[in-house]
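A structural walkthrough
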Amino acid sequence: MALSLLSKCFASIPLHPNPRLRTAAAAMSSASAQRVLQLKVDPLTGSSEWVVIEEEDDGGAEASQDFQKSFLARTSYLDMLNDSYRNRCFREAIEKTVTQPCHVLDIGAGTGLLSMMAAQAMSQNESPVHSTKGIVTACESYLPMVKLMRKVLHINGTGRNISIINKRSDEVSVDIDIRSRADVLVSEILDSELLGEGLIPTLQHAHDILLVKNPQTVPYRATIYGQMVECNYLQKLHDLYSYENEASDGIHLVPAGMESILRVARQQYPMHCDAISKEIKLLSEPFKIFEFNFWRRPESSREIALRVKATADGQAHAIVSWWVLQLDRDGSIFYTTAPGWISSQNNSNARSWCDHWKQCVWFLHGEGLPLSKEEDASILAVHSETSISYQLEADCQYAEGDYHITLSPERIAIYGDCQWRCSILKAMRNAFQGRVPSLCVVADDSIFLAILVAHLSPQSRVMAFFPGLHENGSRYLQAVAGANGFTMEHVEVLGRRLMSLTMHETHQREVDLLIAEPFYIANNGMLPWHNLRFWKERTNLTSVLSKDALVIPCKGILKVCAMSLPDLWNSRHSLDKIEGFDHSIVNTTFGACGDAAEDSPCLPFSVWQCGEVKEISKTYTLMEFNFSMEMHSCFGKTEVKFSEDGTCHGLVLWIDWVMDKEASIVISTGPGTRYWKQGVKLLRRPVIVENNGSIIANRACSLAVEASFNSTNGELSIKHSS
């Protein structure tokens, strides 16, 4: 099985299972053993190192084993295996398809679930009439998953019936790795966009080399649908120019005539659209876009011109898309990733909330496309081997090769948020009251702060590290300097990680003002406290800070709140039997919660997109990080008292950034915001709370929470007890 967008590697392309975590894997082989080199990133420095994962040593070095567990816990494997509707659909389709002894090939086998389903279906249909014996070949390129798959097959007694190949499928050869072409392909190499895990090149190679002519496949077919929508929130995620004009604060990140200099990538973005369904206005009926037949060799690329009739007046800000999977040849077994407003109409989807497959959003340029009811919109849909894109007649297209910086949709929305900009502006103006800093250092990738300081204090020298932007940050500042009332004469971009800074590099000036949001491009999607990299960098600059230097933010406050998270907890709970196959052995590796699991890790989630959510307590301070001091390990504890009826499934943690000494300006990254991820620590057992905070079972009314911050690696450990 494959992972979702944030998830698994292409079955035939050597990528690591989770690109969100900024890791990569490269498979290497030798005469004696298989090994994988996996990239590990240090959140405090942004530096990386290669961790070696050996085939022959299942115990392995303790550090390597811990890293593997931590990494796999952040993939979507567990969420996918908890998708009971998906599992049932695949089992039913495999049982209908594998009706006699044959050769079944499973590409991207994961834990081996589909392989075991195929082996069981074959054994149930064995007959003395058939002289040949069927075989199942499980192809999985990622070594840690291969090692885990062997354990799963062993405890289910199917190890002898399934042959495992630890290779990419495009490295597999008939007569060398497999004895013959396969009659049946079972595979689940799908992401939210459908194509992003390499479905097309994998199927092409399989049909060319590994499958018989006219093979049977599970799934049989996939169809992509779309719908035009109006939604101000979706517009805010990409249209910085319009929202910046509303701010009217004198800062121009995207000056007139340079509207595309800061932009999101032209791609589809996975999103739980049900979370914003009340903010969406539907402007068309669902329309069919592309169809992919798994039983036939797919084309590498296609395009199709669509005419879509508007069903209401409005401004189309985006195209929301999803796919429908037909798993069997007869067309009786279906699975869909459609949003709730579609699946509820035709009752076509019985799946519960899950995080591994979402809908996809394609942003229409600028303010969108104005539509009148009954008007036709012309859409050109194009797919490549790994992605789908759209072009509208009235949609302004970016010129090829034009200079720009690509940011995430959430970062674009933050920079266009009037309240956020006002808070930052107020903090900076307060910092400049009665003083003109000789040297200001921007420690992170904040182009907003670099422009703001240069704009407010043209006499100050500004040094921007821009560790993730590098020379692009310098080119960008040069392009927008004139529109923001400063010149590059007093602005210097270093474009590197801030390991240290000498007086020679500062031109014999001490740093009077050290600032950050903090925001690091490399930390997108990571845990909130990984942005304490700023504290590490503040420590590295101690020798060049003036005695009265201002450090902004002044401190970070770790906040915690007890929350009801039934959908998220159900998607992460411990596994027992999946369609009859024991998976309990994977619980620890995947970081499951529940009775059959050990302590679950703290993982990053956008809580507002996690289905049904509710706060069960007030917000409490767990720990403070004082940036006026050098970085050091910290410990904090608090009692989280339940204040609302419901079921507590876990603790949600985040950091509030205090931007001034008076603590009058605080930027929160908590669950009430949509632009940041929070850390979620799920409980082993949910706690039922009634009667104004009392717990039914033991009459306790709170959780004792402790946190320990390790300054050597930037990690935060969370413990709790009732």
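Naming follows an unreviewed UniProt entry, where the chain appears as Protein arginine N-methyltransferase domain-containing protein of Trapa incisa.

**A word on unusual backbone geometry**
The amide bond that connects Val218 to the next residue, Pro219, takes the cis arrangement and shows omega of 10°. As for its placement among the helices and strands, Pro219 is situated in the loop between strand 8 (211-218) and strand 9 (221-230). With an omega of -5°, the peptide bond between Glu517 and Pro518 qualifies as cis. In this structure, Pro518 sits in the loop between strand 26 (511-515) and helix 14 (533-540). The backbone of Ser248 shows a phi angle near 50°, a positive value even though the residue is not glycine. Position of Ser248 among the secondary structure elements: in the loop between helix 8 (240-247) and strand 10 (262-263). Residue class for Ser248 comes out exposed when judged on its relative accessible area of 63%. We note that Glu579 has phi near 50°; this positive angle belongs to a residue other than glycine. Locating Glu579 in the fold gives a position in the loop between strand 29 (577-578) and strand 30 (581-582).

**Structural notes on the sheet that holds strand 27 (residues 545-552)**
One open sheet holds the 5 strands; their spatial order is 25-24-23-26-27, and the pairing between them is parallel. Edge positions in the open sheet fall to strand 25 (491-493) and strand 27, since each of these has one partner strand only. Direction aside, neighbouring strands of the sheet carry axes that sit 20° apart on average. Lying over the sheet, helix 14 contacts strand 26 and strand 27, oriented at roughly 170° with respect to strand 27.

**Considering the side chain of Gln678**
Positionally, Gln678 belongs in strand 37 (residues 678-690). At 3.2 Å, the side chain of Gln678 and the backbone nitrogen of Val607 are in polar contact. From its side chain, Gln678 meets the backbone oxygen of Gly670 in a polar contact 3.0 Å long.

**Quick word on the environment of Asp79**
Relative to the helices and strands, Asp79 resides in helix 2 (residues 77-81). With relative accessibility at 5%, the residue Asp79 sits in the buried group. Setting aside residues no more than four positions away along its own chain, Asp79 makes contact with Trp353, Cys354, Asp355, His356 and Ser571.

**Topic: helix 4 (residues 113-124)**
Given 3.6 residues per helical turn, the α-helix brings residues three or four places apart onto the same face. In a regular helix each residue adds 1.5 Å, so 12 residues correspond to 16 Å; helix 4 covers 17 Å between its end C-alpha atoms and thus fits that length. Where burial is concerned, most of helix 4 is hidden: 9 out of the 12 residues are buried. Along helix 4, the residues classified as buried are Leu113, Leu114, Ser115, Met116, Met117, Ala118, Ala119, Ala121 and Met122.

**Topic: the nonpolar core**
Counting 119 residues, the largest nonpolar core has Leu234, Tyr415, Met428, Tyr476, Leu558 and Phe625 as its most contacted members. Counting residues per element, this core draws most heavily on helix 12 (residues 447-456), at 8 residues. Core analysis: the next-biggest nonpolar cluster, separate from the first, contains 90 residues, Leu203, Tyr335, Leu369 and Tyr390 among them.

**A short note on the sheet that holds strand 34 (residues 634-641)**
An order of 34-39-40 is seen for the 3 strands of this open sheet, with the pairing classed as antiparallel. Each edge of the sheet is formed by a strand with only one pairing partner; in this case those strands are strand 34 and strand 40 (715-721). This sheet shows a mean twist of 20° between the axes of neighbouring strands, independent of strand direction. Sheet analysis places strand 34 next to strand 39 (residues 702-710), joined by 8 bridges and oriented antiparallel. Opposite Cys634, over in strand 39, you have Phe709 as the bridge partner.

**Description of the packing of helix 12 against helix 13 (residues 471-480)**
Angle between the axes and distance between the axes are the two parameters that describe a pair of packed helices. Remark: helix 12 packs on helix 13, axes separated minimally by 11 Å, with the N-to-C direction vectors making an angle of 40°. By the angle between their directions, the pair helix 12 and helix 13 is classed as oblique. Our pair here, helix 12 against helix 13, has a crossing hand that is right-handed. Every residue of helix 13 that contacts helix 12 at Ile447, Ala450 and Ile451 is listed here: Tyr476, Leu477 and Val480.

**Some remarks on helix 3 (residues 84-97)**
With 14 residues, helix 3 extends 20 Å between its outermost C-alpha atoms, agreeing within 8% with the 20 Å of an ideal straight helix rising 1.5 Å per residue. Among all positions of helix 3, only Tyr85, Arg86, Asn87, Cys89, Phe90, Arg91, Ala93, Ile94 and Thr97 are buried.

**Some points on the confidence of the model for the chain**
Of all residues in the chain, 87% attain a pLDDT of 70 or more, and the chain-wide mean is 89. Predicted confidence is poor over residues 1-33, with pLDDT under 50, and the contacts of this stretch with residues over four places away or in other chains come to 134 contacts.

**A look at the environment of Thr673**
Its place among the elements puts Thr673 in the loop between strand 36 (666-668) and strand 37. In this view, Thr673 contacts Trp608, Ser668 and Gln678; residues no more than four positions away in its chain are not counted. At a separation of 2.6 Å, a polar atom in the side chain of Thr673 contacts the main-chain carbonyl oxygen of Gly670.

**Brief notes about the pattern of salt bridges**
Taken as a whole and judged by the stated rule, the model has 22 salt bridges. The salt bridge partner of Glu171 is Arg168, with a shortest N-O separation of 3.1 Å. Notably, a salt bridge pairs Arg221 with Glu291, separated by 3.5 Å at the nearest N-O pair. Of this pair, Arg221 sits in strand 9 while Glu291 sits in strand 13 (residues 287-293); the two residues are 70 residues apart in sequence, bridging distant segments of the chain. Judged by relative accessible area, Glu291 falls into the partly exposed class, the value being 28%. Taken together, the salt bridges that share partners define one network made up of Arg91, Glu95 and Glu579.

**Regarding the packing of aromatic side chains**
Applying the stated criterion to the full structure yields 20 aromatic pairs. For the ring pair Tyr77 and Phe590, a centre distance of 5.4 Å and an interplane angle of 5° mean the geometry is stacked. With a gap of 513 residues between them, Tyr77 in helix 2 and Phe590 in helix 16 (residues 587-590) connect regions that are remote in the sequence. Residue classification places Tyr77 among the buried residues on the basis of a relative accessible area of 0%. The interplanar angle of 25° and the centroid separation of 5.5 Å between the aromatic rings of Tyr85 and Tyr335 together place this pair among those described as stacked.

**Overview of a negative patch on the surface**
A surface patch of like charges, here negative, comprises Glu615, Glu644, Asp645 and Glu690. Summarising the element assignment, Glu644 is placed in the loop between strand 34 and strand 35 (646-658).

**A few points about the pairing of strand 27**
Most of strand 27 is tucked away: 6 of the 8 residues are buried. Here strand 26 runs beside strand 27; their pairing, made up of 4 bridges, is parallel. Among the inter-strand pairings, Leu514 is bridged to a residue of strand 27, identified as Val551. Handedness of the crossover is the feature at issue here: the chain leaves strand 26, passes through helix 14, returns alongside strand 27, and the resulting connection is right-handed.

**Structural notes on the environment of Ala93**
Mapping Ala93 onto the fold places it in helix 3. Taking the relative accessible area as the measure of exposure, Ala93 reaches 0% and is therefore buried. Each C-alpha atom of the pair Ala93 and Phe334 lies 9.4 Å from the other, and the pair is 241 residues apart in sequence. Ala93 has contacts with Val218, Leu327, Asp328 and Ile333, leaving out every residue within four places of it along the chain.

Rules and cut-offs
- Residues numbered from 1 in each chain as written.
- Predicted model: local features only at pLDDT ≥ 70, side-chain atom pairs only at ≥ 80, totals over all residues.
- Heavy atoms only, no water.
- Helix = DSSP H or I, 4+ residues; strand = E, 2+ residues; numbered from the N terminus.
- Buried < 20%, exposed > 50% of the residue type's maximum accessible area, 1.4 Å probe, protein only.
- Pairing = 2+ DSSP bridges.
- Axes fitted to C-alpha atoms, helices over the stretch in contact; angles between N-to-C directions.
- Contact = heavy atoms within 4.5 Å.
- Polar contact = N/O pair within 3.5 Å; in protein donor to acceptor, adjacent residues only side chain to side chain.
- Expected span 1.5 Å × (residues − 1).
- Core = buried A, V, L, I, M, F, W, Y, C linked by side-chain atoms within 4.5 Å.
- Parallel < 35°, antiparallel > 145°, perpendicular 65-115°, else oblique.
- Left-handed = near helix turned anticlockwise from the far one by under 90°.
- pLDDT = per-residue confidence, 0-100.
- Salt bridge = Lys/Arg side-chain N within 4 Å of Asp/Glu carboxyl O.
- Phe/Tyr/Trp six-rings, centres within 6.5 Å; stacked < 30°, edge-to-face > 60°.
- Patch = residues over 30% accessible without salt bridge, like charges linked within 9 Å, V, L, I, M, F, W, Y side chains within 5 Å.
- Areas by Shrake-Rupley, 256 points an atom, 1.4 Å probe, with all protein chains shown as cover.
- Lys, Arg positive; Asp, Glu negative; His and termini not counted.
- Charge placed at Lys NZ, Arg CZ, Asp CG, Glu CD.
- Right-handed = clockwise from strand over helix to strand, strands pointing away.

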